[in-house]
Amino acid sequence: MELKRLLLLGFLFLYVVQVSVAKFVVEKNSLTVTSPEKIKGNHDSAIGNFGIPQYGGSMAGAVVYPRDNRKGCKEFDRFGISFQSKPGSLPTFVLLDRGDCFFALKVWNAQKAGASAVLVADEIEEALITMDTPEEESAAAKYIENITIPSALIKKSFGETLKKAINGEDMVNINLDWREAVPHPDDRVEYELWTNSNDECGIKCDMLMEFVKDFKGPAQILEKGGYTQFTPHYITWYCPRAFILSRQCKSQCINHGRYCAPDPEQDFSSGYDGKDVVIENLRQLCVFRVANESKKSWVWWDYVTDFQIRCPMKEKKYNKDCADAVIRSLGLDSKKIENCMGDPNADADNPVLKEEQDAQIGKGSRGDVTILPTLVVNNRQYRGKLAKGAVLKAICSGFEESTEPAVCLSGDVETNECLDNNGGCWQDKVANISACKDTFRGRVCECPLVDGVQFKGDGYSHCEASGPGKCKINNGGCWHDAQNGHAYSACLDSEGGKCQCPSGFRGDGVKSCQDIDECKEKKACQCPECSCKNTWGSYDCTCNGDLLYIGDHDTCINKSATEVGSAWTAVWVIIIGLAITAAGAYVVYKYRLRSYMDSEIRAIMAQYMPLDNQAEVPNHVSEDHA
């Protein structure tokens, strides 16, 4: 029993030492006083780690400091106080004093009375801290889950300034802004969840398990689309050196006290041990690593949720056999996972868990991770309720504006501002084209790209199609009309969408093009035998009797003459063709005949006289005669 107390004191000492040297970063949002004039300005406020902060958005409200129950530790209806806003008025932000009860209880009581947000004024002048939830075992867990309004801690001096203005009957209006609470540099968000496989650690563990199940769908959509890069992490502690060889330390740790977890039931003599939790945490880390190597990092969410369902501690299934069954069902390589996990009994560092311990130390703008669960988005620790909608808002606020995926623009995450008066942007109602682009943070007025055609302009009052293909979009803004099955447009795509009335029309080409009456204006069909009839965009010209109209010459000719002429033309074409063929054949004949005669003559002459290209033949007759 004494050893057990010493071990607990050792863990407590270790925790105190870690906290004393830890780097804590308080996540802040901007608070702006907009009235009265004498206290206008910007101030920092620390985001509460419960409720639902409006990440990516802002909220305006009127500040109220209650006449009674100023610490908010009791229900306000006992004092006949309501913070419910009247129709058409700003939401009510309640200012409360710190002390006497949990932060979460103050916010819960104010929310029940109708408050839209809560500011808690510190009781001493100090650096801002994060308002966290109380321990899981307290009765507070019953209401923490139902807190939906945002809250923030403000400095004592600023709180006194607000109180003075309110007591002086000034209307104090402020704006809470979370738009810069999460960095949003580009079109990909990196986030990490510090979690635990232990499902017997109370209300917080239950909330964590429920969140993982709920958030699995959106998380996998974001990961499969390449919109996010997710990394799971697991916290471990090390056993104090003085207790490494103790039975309790051996039951809670692996690798000779290097990596430990608290006993799930907080009873060293029964149930599961802390080392069982460490080993499963290590397995889940290796599941992620193996899945990530195969470019399927999202399978981690499948494994964790399936393990929760199939292998709970309450049913005594929290073990390797059950975990292996889940791994096989997901088609993961169990040998790679085993190799990744290493030997938990080795007196050496485990590379995977060593990385996790190093990662717990804060870097850059992120503080040390000491609380479970902890969510970090773009290297900023998330503050608020761990719920699907709230976390999705925080992640969506990390995208560069106008690069958010569709899941961030759903109705339960944000309000489509383009639905109200088109967001104040340019639009062409006829062509159903708008410059309003809905974003998670609001909207942007940006001339659109439609069917490969880029519109140019300021996006607010003017957008105009430009470049190739302009005429495909609402006829490039030029005149167009159709009658009796004939359609005409004044848009010339070959000239960059220039508006010019087509042949047969006159006008500005933009608003109007009027049909030209070629007959009345004597522009065509004017020969003596011609009969002219105007049509829309053109004309019909006929000839009297058996005459045929020739448009190029604006004249009428006899059809029979035309037919005779055509016949003689055909005859002459045939004759000329035959003549050319005969001439060609004669030339070929003459060439072949001459070649033949030349070869015959050379053969005859070669028999009677030497040729230039033959060697001289000796005269044997003369020699014999001599």
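Here is a short report on the structure shown in this document. (Residues numbered from 1 in each chain as written. Predicted model: local features only at pLDDT ≥ 70, side-chain atom pairs only at ≥ 80, totals over all residues. Heavy atoms only, no water.)

Side note on a negative patch on the surface
Formally: To count toward a patch, a residue needs a relative accessible area over 30% and no salt bridge; like charges are then connected within 9 Å, while nonpolar side chains (Val, Leu, Ile, Met, Phe, Trp, Tyr) are connected within 5 Å. Using the Shrake-Rupley algorithm and a 1.4 Å probe, accessible areas are obtained, with residue cover drawn only from the displayed protein chains. The term salt bridge refers to a side-chain nitrogen of Lys or Arg lying within 4 Å of a carboxyl oxygen of Asp or Glu. Neither His nor the chain termini are counted; the positive set is Lys and Arg, and the negative set is Asp and Glu. In plain terms, the charge of a residue is placed at NZ if it is Lys, CZ if Arg, CG if Asp and CD if Glu. Each helix corresponds to a stretch of at least 4 residues labelled H or I by DSSP, and each strand to a stretch of at least 2 residues labelled E; elements are numbered beginning at the N terminus.
A contiguous patch of negative charge, built from Glu 145, Asp 206, Glu 210 and Asp 214, is present on the exposed surface. Within the secondary structure, Glu 145 is located in the loop between helix H3 (141-144) and strand S6 (151-154).

Here's the deal with the pattern of salt bridges
Condition: Burial classes follow relative accessibility: with a 1.4 Å probe on protein chains only, a residue under 20% of its type's maximum area counts as buried, one over 50% as exposed, and anything between as partly exposed.
Applying the stated criterion to the full structure yields 22 salt bridges. Glu 521 serves as the salt-bridge partner of Lys 523, at 3.9 Å between the closest nitrogen and oxygen. Look at Lys 523 and you get exposed, because its relative accessible area is 52%. Accessibility expressed as a relative area gives 36% for Glu 521, which makes it partly exposed.

Comments concerning the nonpolar core
Just so we agree on the cut-off: Note on terminology: a nonpolar core comprises buried Ala, Val, Leu, Ile, Met, Phe, Trp, Tyr and Cys residues joined through side-chain atoms within 4.5 Å.
Core analysis: the biggest nonpolar cluster contains 82 residues, and Leu 119, Leu 162, Ile 174, Tyr 191, Phe 215 and Ile 395 have the highest contact counts within it. Sort the elements by how many residues they give to this core and helix H7 (residues 274-293) lands first, with nine residues. Formed by 23 residues, the second largest nonpolar core is a distinct cluster that contains Val 94, Trp 108, Ile 144 and Leu 153.

Considerations on the pairing of strand S4 (residues 92-97)
As a reminder of what qualifies: Strand pairing is defined by DSSP finding a minimum of two bridges between the two strands. Orient the strands so they point away from the viewer; a crossover is then right-handed if the path from the first strand over the helix to the second runs clockwise.
Burial analysis of S4 places six of its six residues in the buried class, which makes it a mostly covered element. Burial along S4 is two-sided: Thr 92, Val 94 and Leu 96 and Phe 93, Leu 95 and Asp 97, pointing in opposite directions, are all buried. As paired elements, strand S3 (residues 58-64) and S4 share three bridges and run parallel to each other. Within S4, the position partnered with Ala 62 by the bridge is Thr 92. Bridge count for S4 against strand S5 (residues 117-121) is five bridges, and the pairing is parallel. Bridging from a neighbouring strand, Phe 93 pairs with Ala 117 of S5. A crossover links S4 with its parallel partner S5, the connecting element being helix H2 (residues 103-112), and its sense is right-handed.

Treat this as a map of the structure, not an account of what it does.
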